[in-house]
Every structure is written in structure tokens, then in C-alpha cells.
Amino acid sequence: MLVALFPFRNNRPVAAGTGAAIWQLRGLDSLDTGTLLGVALLLGVGTVTFLPKWRNLGLSPAEQTQLANASRLPVLASQAKRSGQTAAYLAWGDAAWDARQYRQSAEAYTQVLLKERDNPRAMRRVGYFLLTDPKMAENGLGFIARAAQLDPQSPEGQLLYGYGLGAFGQYQDALTVLTNYQKLAPDSHEADDLIVEYQAK
């Protein structure tokens, strides 16, 4: 199940050229080490607060899961850094993503990409975080586009790609991608607000 996304919708990058074709926005055939190291330098160590059990009172199941994932992050981060194993970095990244700690998830997933250049989940989620930085936003869309190419049947991949295209003003292309998302996830309403917004452009 996808977590609620797009907390940065009011802080979008300015498109370098709104008429650019979808795959021309740095649709990377492979990720070079220099780019990934640049991402790593952009990231600092994420922060998280330990939350006692009583803080779960009155929260929805989804919110309780989010808090539980947040409380596990220091341990998972320590395990990943100690072992250096891709699976450990994926576990850390996934937990951070589910806890909506997007900066920390990008830190973990960047380490995954240094080991597995074509991991689509890590690629699109790093790309989503990079969309929040004006200097790296175009790279972020490239990451998401490449991930969608590698894993076209992923609903999350189509959702993030549609969002990224819309962030660059490519609304018609974004609507096409979000329509694909709806076909892959017919019971989800994650894209409804984006579709209404982009149709009004």
C-alpha cells in the first residue's frame, strides 16, 4: 500500500523547458557514480524521535505504523552501516519511506544504487526526494523516468512519474502517466487530486 505522498507540492521546481519530451529530461540509461555521490553529499543524516507507546493512543492504524517504522530507524540505520549489505540498506530505506522520513530514505537508497544501479524502487524514491531541491530536480525526474522504464508495472512508479512530470509543467504527459497508474491500481485514489489539478491547467 502506498503511503500518502507529495508533502512538497507547493515547492515545485521550475521547468528548464516545459516543451521537453518525456524521456529527454535526463532519462538516464545508467546512473554514474559522480551523480550518486553528489546525491550523497546533498543528504545529511536524517533525524528521528523515539516515541513511547502511549503516543499511539488516538492514532489511526496507518499513523501507528508510521510511528513504529520511525522508531526502528536508528537500529536499521546502524545495521545497514555496520554490515554494508544491500538488503540492510533496503530495509532501512523502506522503513524510512513508510515513516515519511524522505531525506533519510534517500540516504539509504543512494547506498543501494551505488551497489545496484538499476534498482527501480531505490531509483524512483531517491528521485522523488531530489524533486524538492531546485538544483537537483531535473536529475530527480530523470531518476523517476528511468525507474518507470525499468519497472513499468509498478503503480508507485507511475504515480511518482506523473507527479514529477506535472512538477515540470508537462501536464498532458502527466495525465497520460496517471491514467496508467489508475489502470494498475484501480482501487486507489492517490492520484485523484493530481488529476483534477492537472486537468485544470
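Above this text you will find the structure in question.
Residues numbered from 1 in each chain as written. Predicted model: local features only at pLDDT ≥ 70, side-chain atom pairs only at ≥ 80, totals over all residues. Heavy atoms only, no water.

Participant: Sorry if this is basic, but what is going on with the overall build of the protein chain here?
Facilitator: The secondary structure content of the protein chain amounts to 9 helices and 0 strands. Going from N to C terminus, the protein chain has its helices and strands arranged as α-α-α-α-α-α-α-α-α. Across the 201 residues of the protein chain, 43% fall into the buried class. Approximately 10000 Å² of the protein chain is accessible, and the part contributed by carbon and sulfur atoms is 51%. (Helix = DSSP H or I, 4+ residues; strand = E, 2+ residues; numbered from the N terminus. Buried < 20%, exposed > 50% of the residue type's maximum accessible area, 1.4 Å probe, protein only. Areas by Shrake-Rupley, 256 points an atom, 1.4 Å probe, with all protein chains shown as cover.)

Participant: What should I look at first to understand the packing of helix α5 (residues 120-130) against helix α7 (residues 155-167) in this one?
Facilitator: Relative orientation and spacing of two packed helices are given, respectively, by the angle between their axes and the distance between those axes. Across the interface, α5 lies against α7 with an axial gap of 10 Å and an inter-helix angle of 25 degrees. In terms of axis orientation, α5 runs roughly parallel to α7. Handedness of the crossing formed by α5 with α7: left-handed. Where α5 abuts α7, its residues R124, R125 and Y128 lie against E156, G157, L160 and Y163. Grouping the constituent residues of the contact of α5 with α7 by class yields 3 nonpolar, 1 polar and 3 charged. (Axes fitted to C-alpha atoms, helices over the stretch in contact; angles between N-to-C directions. Parallel < 35°, antiparallel > 145°, perpendicular 65-115°, else oblique. Left-handed = near helix turned anticlockwise from the far one by under 90°. Contact = heavy atoms within 4.5 Å. Nonpolar A, V, L, I, M, F, W, Y, C, P; charged D, E, K, R; others polar.)

Participant: Mind showing me how you'd approach the environment of D151 here?
Facilitator: For D151, the position within the fold is in the loop between α6 (137-150) and α7. Look at D151 and you get partly exposed, because its relative accessible area is 26%. In this structure, the C-alpha to C-alpha distance between D151 and D118, residues 33 residues apart in sequence, is 9.9 Å. Setting aside residues no more than four positions away along its own chain, D151 makes contact with P120 and R124.

Participant: Please explain the nonpolar core as it appears in this structure.
Facilitator: In summary, soluble globular proteins display a tendency toward joint burial of nonpolar side chains. Judged by nonpolar contacts, the single largest core of 50 residues is most densely connected at W92, Y161, L178 and Y198. Going through the elements one at a time, α2 (61-83), α3 (86-98), α4 (102-115), α5, α6, α7, α8 (171-184) and α9 (192-199) are the ones with two or more residues in this core. Discounting chain neighbours no more than four positions away, the residues touching W92 are L73, L76, A77, A80, K81, Q104, E107 and A108. (Core = buried A, V, L, I, M, F, W, Y, C linked by side-chain atoms within 4.5 Å.)

Participant: Sorry, what's going on with the environment of Y198 here?
Facilitator: Structurally, Y198 can be placed in helix α9. Here Y198 falls in the buried class, since its relative accessible area comes to 0%. Through-space distance from the C-alpha of Y198 to that of G166 is 7.1 Å; in sequence the pair is 32 residues apart.

The analysis is restricted to geometry; functional conclusions fall outside its scope.
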